[in-house]
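Structural overview for review
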Amino acid sequence: QLQFVESGGGLVQPGGSLRLSCEASEFTFRYYDVGWFRQAPGKEREGVTCISSSSSSISYDVSVKDRFTISRDDAKKTVYLQMNSLKPEDTGVYYCATCLVSTRTTGFGSWGQGTQVAVSS
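Report on the accompanying structure. Just so it is clear, the model here is predicted, and its values are computed rather than measured. (Residues numbered from 1 in each chain as written. Predicted model: local features only at pLDDT ≥ 70, side-chain atom pairs only at ≥ 80, totals over all residues. Heavy atoms only, no water.)

1. Comments concerning the sheet that holds strand S1 (residues 4-7)
- Reading across the sheet, the four strands line up as S1-S3-S8-S7 and stay open at both edges, with antiparallel pairing between neighbours. Sheet topology places S1 and strand S7 (68-73) at the edges, where each strand pairs with a single neighbour. Averaged over neighbouring strand pairs, the angle between their axes works out to 15° when direction is ignored.
- The sheet contact formed by strand S3 (residues 18-24) and strand S8 (residues 78-83) spans six bridges and is antiparallel. Paired with Leu 18 across the strands is Met 83, a residue of S8. (Pairing = 2+ DSSP bridges. Helix = DSSP H or I, 4+ residues; strand = E, 2+ residues; numbered from the N terminus. Axes fitted to C-alpha atoms, helices over the stretch in contact; angles between N-to-C directions.)

Put into structure tokens, the structure is as follows:
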């Protein structure tokens, strides 16, 4: 199954920025709709954003719209998440996975390590 390795997380102050990267294991990545999910301690994993294989369709959760931007580079089999104006409620472990753009949900079952994002003063 397709595997992903996330990176780029860290500790940042409110209002700061981070850019996350997620590299896929195979070039078949280019045929999939992919996105970012996050999980805060004690909460269930939620869909943040999802982008179609052609980049023609993108969706964002209302909580991150106008602050986060998803993009992909199929030559590098990598999906990115540019996060600006970070808020404490953005804190959590961020994961990459295949997804359904319209609902930002996934049936993906091969989660990677994720990358920790901590927004705190």
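2. Section: the nonpolar core
- Counting residues in each nonpolar core, the largest one holds 29 residues, and the members touching the most others are Phe 4, Trp 36, Phe 68, Val 79, Leu 81, Met 83 and Tyr 94.
- At the level of secondary structure, the elements contributing two or more residues to this core comprise S3, strand S4 (34-39), strand S5 (46-51), S7, S8, strand S9 (92-98) and strand S10 (115-119).
- Residue contributions to this core peak at four residues, all from S3. (Core = buried A, V, L, I, M, F, W, Y, C linked by side-chain atoms within 4.5 Å. Buried < 20%, exposed > 50% of the residue type's maximum accessible area, 1.4 Å probe, protein only.)

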